[in-house]
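# Per-entry structural report
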Amino acid sequence: MFLPIMFEILFMGLTVASPLVSCSSDSPEPSQCHLQSCKNIPGDQDWPLAAEWQSLNGTLGGRLIAAKPIAHVCHAPDYSEAACSVLKNEWDTGSLMSPSPVDIQAPWFQNQSCVPFTDVSKPCELGNLASYSINVTGVEDVKAGIAFSKSHNIRLSIKNSGHDWNGKSTGKGTLSLWTRNMKSRQITTYNSSFYSGPVLKAGAGVTGGEAAEFVAEHGYRVVTGDSPTVALAGGYTQGGGHSQLSGQYGIGADQVVEWEVITASGDYLVASPLKNSDLYWALSGGGGGTYGVVVGVTVRLHEDGQVASAYMAFSVDNAGGVDEFWNAIGAFHDELQILVDTKGVVADYLLRNDSLTVFTITAPGYTADTLSTLLDPLILAITQSGSGSINKNSLNLKLNEADGYYNLYSKTLGPLINSSTESPVMGGRMVLRDNYAKNKSAVIDSFRNVTDGGEFYMAATALNTVGAALLAKPVASNAVQPQWRDAFLSINIISQWDWNEDWKNAARLQADMVDRIIPVMEAATPGSAVYLNEGNWAQPDWQHAFYGSNYERLLKIKKKYDPDNVFYALTAVGSDSWSEDITGKLCRIN
């Protein structure tokens, strides 16, 4: 049943298959009900006039941007072979998409409207992308954008870095608040009953890479994500935010001391564990784009020091056969869990049907030599798991070390992630330690099932946010999905994708994700959850999967600070009150 719906989406140029808004039986006219229930889009009678947009631009000091996707150079009449060739080589990398005021790093929600790989003669259209963006430089810009969207009943979105798998920062006819250029940075000392010590005060647009580099110059490290272009204050921290440093300090939301936020009423608030504490709780892990516009964040810092990392890989050929390979995968996970639970290491790896590539096992406090010794039991378990075909040399083990976290990250994982591209179809699932302890054979079998045939692979992070090596507990109670505290693995399930493929294949892969792969993973991990920043937009029962037992409390906070639903983001708290109709218009659900 799902597949025909997905093809309907493709042919109609929409992103989300949703029910139409219906009118009650006593409504005077269905069309009137529709107009009252929906946000205006271009072409509607009440869409703002050109003079009204010009007036807004004047209020903003010329910082209103009419949307123009960067791939317009790949289509007539603006076609440039040289410029388009550059885009094709870098398409959907963070370094390319993040600096654009309107483009997002999410192929499904780009929806072929204006990409470098369609025919030159095909018009470059906005499709799901925002109609206008405000280059936000301060609080007043945000207030002006909110007021304009409310007075003209148009959709409002918040775009920071554009790492946006679920299309949260875009939408047809949207006025986008583009916060990327809010780059203020300050290291200071914070004193309160809940935290005293060094902190970083960062504007909303400061990326993880920028934050890590800045604090490293002052002898600190900060919990940031794997991608250097993901903004610290954006969906990363607001959604939870795992890190290579999570084994010692917890996840991103655990570091927050204060939020600076503009509410739907236009009020500037500071939210901390003592002031506007409910908003602080919600923003710290309860998802971005729905409670207000974050313009700044204050996070705790940690003393920098020695750190090491390791790379290794093996394949079916190394293992001597398919069954032997999967035996080695089981042995790898057995020993890896011991390391993350007891030593505070964090690992990132790719698992395909025929290979395992461990990009990093990050170990704060270790040198290359001491990390090598730490890894001996893991390597021994892998080499003894099957026919003996795998040996230490065939693992291609490589060790790195540095006297500070950023010094290591900027030479290893950071550039690797920054150059990686995205697939149209992705999903996620956590493997809890209890899942693995009770039925690890079912977990490993699910990995084998999902990757079988090679159309999907897994990108996983292994960690323990409450393990024996934890040096700092969360600053305060927060809205992080509770299952993060029990997670051994957070897995991204990603479809293979080549931009030369027929776009219809994306619908088939999406249907397979929802109908087959997600159920397989759920069956192997009962009671588990999904990291809300790395799940599929059509995840069944997303309220529980993404937010767990926190959802109802989060919804109450959403209604308190945004009673008129000014803020909408797909799969964000409160978004289940809205739906897109067949024109892409965002409408209330009766």
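Residues numbered from 1 in each chain as written. Predicted model: local features only at pLDDT ≥ 70, side-chain atom pairs only at ≥ 80, totals over all residues. Heavy atoms only, no water.

## Notes on the environment of Q186
How we decide: Going along the chain from the N terminus, every DSSP run of H or I of four or more residues is numbered as a helix, and every run of E of two or more is numbered as a strand. When accessible area is computed with a 1.4 Å probe and restricted to protein chains, residues below 20% of their type maximum are described as buried, those above 50% as exposed, and intermediate ones as partly exposed. The contact criterion used throughout is that any non-hydrogen atoms of two residues lie within 4.5 Å.
If you trace the backbone, Q186 turns up in strand β5 (residues 185-191). Given a relative accessible area of 43%, Q186 falls into the partly exposed group. Taking C-alpha positions, Q186 is 17 Å from V270, a pair spaced 84 residues apart along the chain. Contacts of Q186, omitting those with residues within four sequence positions, involve V199, L200, K201 and F214.

## Quick look at the pattern of salt bridges
Two side chains of opposite charge can pair, provided their charged atoms sit close to one another. Heads up, the condition is: Definition used for salt bridges: Asp or Glu carboxyl oxygen within 4 Å of a side-chain nitrogen of Lys or Arg.
In this structure the tally under the stated criterion is 16 salt bridges. Its salt-bridge partner being D334, residue K440 comes within 3.0 Å of it at the nearest N-O pair. Of the two residues, K440 sits in helix α18 (residues 433-451) while D334 sits in helix α13 (residues 322-342), which places them 106 residues apart along the sequence.

## Section: the packing of aromatic side chains
Selection criterion: The rule is short: rings of Phe, Tyr and Trp, with Trp giving its six-membered ring, pair when the centres are within 6.5 Å, and they are stacked under 30 degrees, edge-to-face over 60, tilted in between. Comment: the charge-over-ring label is applied if NZ (Lys) or CZ (Arg) is within 6 Å of the ring centre and within 35 degrees of the ring normal.
Evaluation of the coordinates by the stated rule reveals 22 aromatic pairs. With a centroid separation of 5.6 Å and an interplanar angle of 45°, the aromatic rings of W47 and W53 are classed as tilted. Among the residues examined, W53 registers a relative accessible area of 4% and is labelled buried. An angle of 55° between the planes, with centres 5.7 Å apart, marks the rings of Y547 and Y551 as tilted. Here Y547 matches Y551 in class, with each residue buried. Three or more aromatic residues link up through ring pairs in this structure, and these residues are W108, F109, F117, W497, W499, W503 and W537. The positively charged end of R185 is found above the aromatic ring belonging to F214, 5.9 Å away from the centroid.

## Some words on the state of the cysteines
Convention followed: Sulfur atoms of two cysteines make up a disulfide when they are within 2.5 Å.
Throughout the structure, instances matching the rule amount to three disulfides. Each disulfide pairs two cysteine sulfurs, and for C74 the partner residue is C84, the sulfurs being separated by 2.1 Å. Disulfide C74-C84: the torsion about the S-S bond is 115°, which places it as right-handed. With C74 in the loop between β1 (64-66) and α4 (81-90) and C84 in helix α4, the pair connects residues that are ten residues apart, well separated along the chain.

## Some words on the packing of α13 against helix α15 (residues 376-383)
Our working definition: Axes here refer to lines fitted to C-alpha atoms; in helices the fit is confined to the stretch in contact. Angles between the N-to-C directions go from 0 to 180 degrees. By definition in this entry, angles of less than 35 degrees are roughly parallel, angles greater than 145 are roughly antiparallel, angles of 65 to 115 are roughly perpendicular, and the rest are oblique. Left-handed is the label given to a crossing in which the near helix is rotated counterclockwise from the far helix by less than a right angle, and right-handed is the label when the rotation is clockwise. Polar here means any residue other than Ala, Val, Leu, Ile, Met, Phe, Trp, Tyr, Cys and Pro, which are nonpolar, and Asp, Glu, Lys and Arg, which are charged; Gly is therefore polar.
Where α13 meets α15, the closest approach of the two axes is 8 Å, and the angle between their N-to-C directions is 165°. Considering their axes alone, α13 and α15 lie roughly antiparallel with respect to each other. The chirality of how α13 crosses α15 is right-handed. Between α13 and α15, the contacting residues are A328, A331, F332, E335, L336 and L339 on the first element and P377, L378, A381 and I382 on the second. Class assignment for the residues of the contact of α13 with α15 results in nine nonpolar, no polar and one charged.

## Observations concerning the nonpolar core
Defined as follows: Residues grouped as a nonpolar core are buried Ala, Val, Leu, Ile, Met, Phe, Trp, Tyr and Cys residues, joined through side-chain atoms within 4.5 Å.
Core analysis: the biggest nonpolar cluster contains 80 residues, and F314, Y349, L351, I382, F447 and I491 have the highest contact counts within it. Every residue in contact with I491, bar those within four places of it in the chain, is listed here: G427, G428, R429, V431, F447, M458, A459, A460 and M521. Counting 69 residues, the second-largest nonpolar core is a separate cluster that includes A212, V230, M430 and L532.

## Digging into the confidence of the model for the protein chain
As a reminder of what qualifies: Confidence of the predictor in every single residue is expressed as pLDDT, which spans 0 to 100.
For the protein chain, the average pLDDT comes to 93, and 94% of its residues sit at 70 or higher. Taken together, the stretch residues 1-35 has pLDDT below 50 and engages in 62 contacts with residues farther than four places along the chain or on a different chain.

## Section: the sheet that holds strand β6 (residues 196-203)
Operational definition: Criterion used throughout: strands pair if DSSP finds at least two bridges between them.
Read across the open sheet, the five strands follow the order β5-β6-β10-β8-β9; overall the sheet is antiparallel. Every other strand in the sheet has two partners, leaving β5 and β9 (268-271) as the edge strands with one partner each. On average, each strand axis in the sheet is tilted by 20° relative to the strand beside it, whichever way the strands run. Taken together, the five bridges between β6 and strand β10 (residues 293-300) define a ladder with antiparallel strand orientation. Paired with L200 across the strands is V299, a residue of β10.

## What about the pairing of strand β16 (residues 426-432)?
Where burial is concerned, most of β16 is hidden: seven out of the seven residues are buried. Sheet topology note: the β16/strand β18 (residues 487-495) ladder contains seven bridges and is antiparallel. Note on β18: the bridge partner recorded for G428 is N492.

## Some words on the packing of α13 against α18
The N-to-C vectors of α13 and α18 enclose an angle of 140°; their axes lie 11 Å apart at closest approach. Here α13 is positioned oblique relative to α18, judged by the angle of their axes. Where α13 crosses over α18, the handedness of that crossing is right-handed. On the side of α13, the interface is formed by V322, D323, W326, I329, G330, H333, D334, Q337 and D341, while α18 contributes R433, Y436, K440, I444, F447, R448 and T451. Tallied by class, residues from the contact of α13 with α18 come to six nonpolar, four polar and six charged.

## Observations concerning the sheet that holds strand β14 (residues 355-364)
Picture the strands of a sheet paired through backbone hydrogen bonds; they go either parallel or antiparallel. Read across the open sheet, the seven strands follow the order β15-β12-β14-β13-β17-β18-β16; overall the sheet is antiparallel. Each having just a single partner strand, β15 (398-402) and β16 make up the two edges of the open sheet. On average, adjacent strands in this sheet sit at an angle of 15° to one another, irrespective of strand direction. The sheet strands contacting α18 are β13 (346-351), β16, β17 (456-462) and β18, and the helix crosses β16 at an angle near 150°. Across the sheet, helix α19 (residues 504-524) touches β16, β17 and β18, and the angle it forms with β17 is around 45°.

## Thoughts on helix α21 (residues 551-561)
Here is the rule: This arc describes the spread of directions from the helix axis toward the C-beta atoms.
If you check which residues of α21 are buried, you get Y551, L554, L555, I557, K558 and Y561. For α21, the angular spread of buried residues about the axis comes to 165°, placing them on one side. Every exposed residue of α21 that faces more than 90 degrees away from the buried side is listed here: E552, K556, K559 and K560. Those residues of α21 that are buried are in contact with β9, α11 (277-283) and α20 (542-547).

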